[in-house]
Amino acid sequence: MSNDSSRSHKLFAAVAAFAVAGATFFGGCSTPPASTSSDSSSTQLASMDSPATGDGAQSSTDLYTIDDDLRVRINRSELDNLTLVDGPVYVTGHAVPDADTVCSAIAYADLLSKLGYDARPVVLGDINKETSFILNEAGVSVPEKLEDASGANMVLVDHGEYEQSANGLKDANVISVIDHHGDGTVATSNPIVYDARPIGATATIVWMRYVNYGVKPDATMSRLLASAILSDTSNFKSKSTTTADREALRVLAEAAGIDDIDTLYANLYKASISYDGMTDEQIFNNDLKTYNSEGRRYAIGVVNVYDEEGAKSMAERMKAILPAQQQALGMNYAFAQVSIFHDDISVTYLVPSDDASAEILKAAYGDRATFDGTSYVLNPGISRKKNLVPDINAVLASHPQE
Ligand SMILES: [Mn+2]
């Protein structure tokens, strides 16, 4: 174990001293309580530059500058008092698994495994398309589903609420909660590692814990964690993004060989709105709502696409199936709302099923939409609920049925 630690000390000396300063009492060299003399800051900087030097005796001014080997041993010692019951340690995220929840669970289980635990990641529900894409890219299989946590050792990541967690959790042995939300409802009388920080992604906290424990995540775990940070911080556009998230992503992306973060983020988003494996009819019905106004019935199917090229081709596909869909649904009118909505882009392509449906769009949007031969194109785009439905209803109200 100590050989292990000194190896990882060398691997991690550079990132650890910088990235985890302040993350834990023992991780930081930033504000030692003993720093009262005027030259103390230069003394500390010298110590940080060469943490392993010295003869073992520390002067009173650098009592709180400790070398990384000792830092790792001190951090790991918190695990000594965890009480385990028989069986593996299951690491789970919340019940509607997103990228942060699943990747954090997999990586934290990996970290615990490297520390000698029989730790296994699990999920509580079906993973979403974005997460599926990330696991595919990383070559990692979907964790098994945990049906009941009763009697099991449990680590919760990305949540701390019974309502969001596993069945039977109240009868489980919860040994850790790693989270970036509020302090939740999960309570235990056992000693527990409770690590909650107001940081952009749980994956960042998981990374900090690798660093604190002196374990280097491999390329696969680095890719999972980097993708989760991108997803949960919306590529750093989220207000909750911190320096920790940025540094974690920088280090993890390099370790994973990710050289274009923006492209990866675009691919995550594309995956999240992908209709792979679905027929055009299924795509139209995927987010379909029907309405009844002025005695007439209509249907609007919302379809998300990534760019104009995708919008044009999707509009053509929808146009081809709309008449039959309108008839099958027993509607007077039918529309496909093909939307591009991400970053600063917002465009909506409205596709009518037939001439009567087209007349309605023309009456509602003729003055501000461009008709491209298939779609009425609105830029900026519109919302089905806030704009399209009220606007269609207004047209129907002003053109009573003859
Ligand atoms: Mn999260």
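Engineer: I'm lost on the overall build of the chain in this one. Help?
Structural biologist: Looking only at helices and strands, one finds 13 helices and 12 strands in the chain. Burial analysis of the chain (402 residues in total) assigns 41% to the buried set. The contacts of the chain with a sequence gap of at least 6 include a subset with a gap of at least 24, amounting to 65%.

Engineer: What am I meant to see in the confidence of the model for the chain here?
Structural biologist: Low pLDDT marks regions whose predicted coordinates should not be analysed in detail. Per-residue confidence for the chain gives a mean pLDDT of 88; residues scoring 70 or more make up 85%. Segment residues 1–54 is flagged for pLDDT under 50; beyond a separation of four residues in sequence, or across chains, it makes 77 contacts in the model.

Engineer: Would you mind going over the pairing of strand 5 (residues 173–179) with me for this structure?
Structural biologist: The element strand 5 is extensively covered by neighbouring structure, given that seven of its seven residues are classed as buried. In terms of strand pairing, strand 4 (residues 153–157) meets strand 5 through five bridges, oriented parallel. Its bridge partner being in strand 5, Val-155 is matched across the sheet by Ser-176.

Engineer: Explanation requested: the sheet that holds strand 10 (residues 345–352) in the structure shown.
Structural biologist: The strands making up a sheet are joined through hydrogen bonds of the backbone, oriented either antiparallel or parallel. Read from one edge to the other, the open sheet built from six strands follows the order 7-8-9-10-12-11, with strand pairing classed as mixed. The open sheet has two edge strands, strand 7 (288–293) and strand 11 (370–371), and neither has a second partner. When strand 8 (residues 296–305) meets strand 9 (residues 333–342), the two strands line up parallel, connected through eight bridges. Looking at strand 9, one finds that Gly-301 is bridged to Ala-336. Packed on one face of the sheet, helix 12 (residues 355–365) meets strand 9, strand 10 and strand 12 (376–378) and runs near 50° to strand 9.

Engineer: Looking at this structure, I do not really get the packing of helix 6 (residues 202–212) against helix 7 (residues 219–232). What am I missing?
Structural biologist: Think of two packed helices as two axes; the pair is described by the angle between the axes and how far apart they sit. Between helix 6 and helix 7, whose axes approach to 8 Å, the crossing angle comes to 145°. Packed against helix 6, whose contacting residues are Ala-203, Thr-204, Val-206 and Trp-207, the element helix 7 presents Leu-225, Ala-228, Ile-229 and Asp-232 at the interface.

Engineer: Sorry if this is basic, but what is going on with the environment of Tyr-265 here?
Structural biologist: The residue Tyr-265 is located in helix 9 (residues 261–272) in this model. For the pair Tyr-265 and Asn-235, spaced 30 residues apart in sequence, the C-alpha separation works out to 6.6 Å. Other than its neighbours up to four places away in sequence, Tyr-265 contacts Leu-230 and Asn-235.

Engineer: I'm lost on unusual backbone geometry in this one. Help?
Structural biologist: Excluding glycine, a negative phi dihedral is what most residues carry, and trans is how most peptide bonds are arranged. The amide bond that connects Asn-379 to the next residue, Pro-380, takes the cis arrangement and shows omega of 5°. With respect to the element layout, Pro-380 can be found in the loop between strand 12 and helix 13 (384–398). Phi is positive for Ser-234, which is not a glycine, with a value near 50°. Residue Ser-234 is classed as partly exposed on the basis of its C-beta count, with 17 C-beta atoms lying within 10 Å. Positive phi outside glycine occurs at Phe-236, with the angle close to 75°.

Engineer: Help me understand the nonpolar core in this model?
Structural biologist: One broad rule of soluble globular proteins: the nonpolar side chains tend to lie buried together. By size, the foremost hydrophobic cluster in this structure holds 66 residues, and its most contacted members are Val-91, Cys-103, Ala-107, Tyr-108, Met-154 and Leu-225. Tallying contributions element by element places helix 4 (residues 99–114) first for this core, with 10 residues. The residues contacting Tyr-108, other than those within four sequence positions of it, are Val-91, Val-155, Val-157, Ile-178 and Val-206.

Engineer: What should I look at first to understand the sheet that holds strand 6 (residues 193–196) in this one?
Structural biologist: Strand order in this open sheet of six strands is 3-2-1-4-5-6, and the pairing throughout is parallel. Either end of the sheet is taken by a strand with one partner, and the two such strands are strand 3 (144–145) and strand 6. Against the sheet, helix 6 makes contact with strand 4, strand 5 and strand 6, and its axis sits at roughly 110° relative to strand 5, the strand it touches most.

Engineer: Please clarify how the packing of helix 4 against helix 5 (residues 129–138) should be interpreted in this entry.
Structural biologist: Two elements in contact, helix 4 and helix 5, have axes separated by 9 Å at closest approach and are oriented at 35°. For the pair formed by helix 4 and helix 5, the contact residues are Ala-99, Val-102 and Cys-103 on the first element and Glu-130, Thr-131 and Ile-134 on the second. Classifying every residue of the contact of helix 4 with helix 5 by side-chain character gives four nonpolar, one polar and one charged.

Calculation rules
- Residues numbered from 1 in each chain as written.
- Predicted model: local features only at pLDDT ≥ 70, side-chain atom pairs only at ≥ 80, totals over all residues.
- Helix = DSSP H or I, 4+ residues; strand = E, 2+ residues; numbered from the N terminus.
- Buried ≥ 20, exposed ≤ 12 C-beta atoms within 10 Å, placed from the backbone.
- Contact = placed C-beta atoms within 7 Å.
- pLDDT = per-residue confidence, 0-100.
- Pairing = 2+ DSSP bridges.
- Axes fitted to C-alpha atoms, helices over the stretch in contact; angles between N-to-C directions.
- Core = buried A, V, L, I, M, F, W, Y, C linked by C-beta atoms within 7 Å.
- Nonpolar A, V, L, I, M, F, W, Y, C, P; charged D, E, K, R; others polar.

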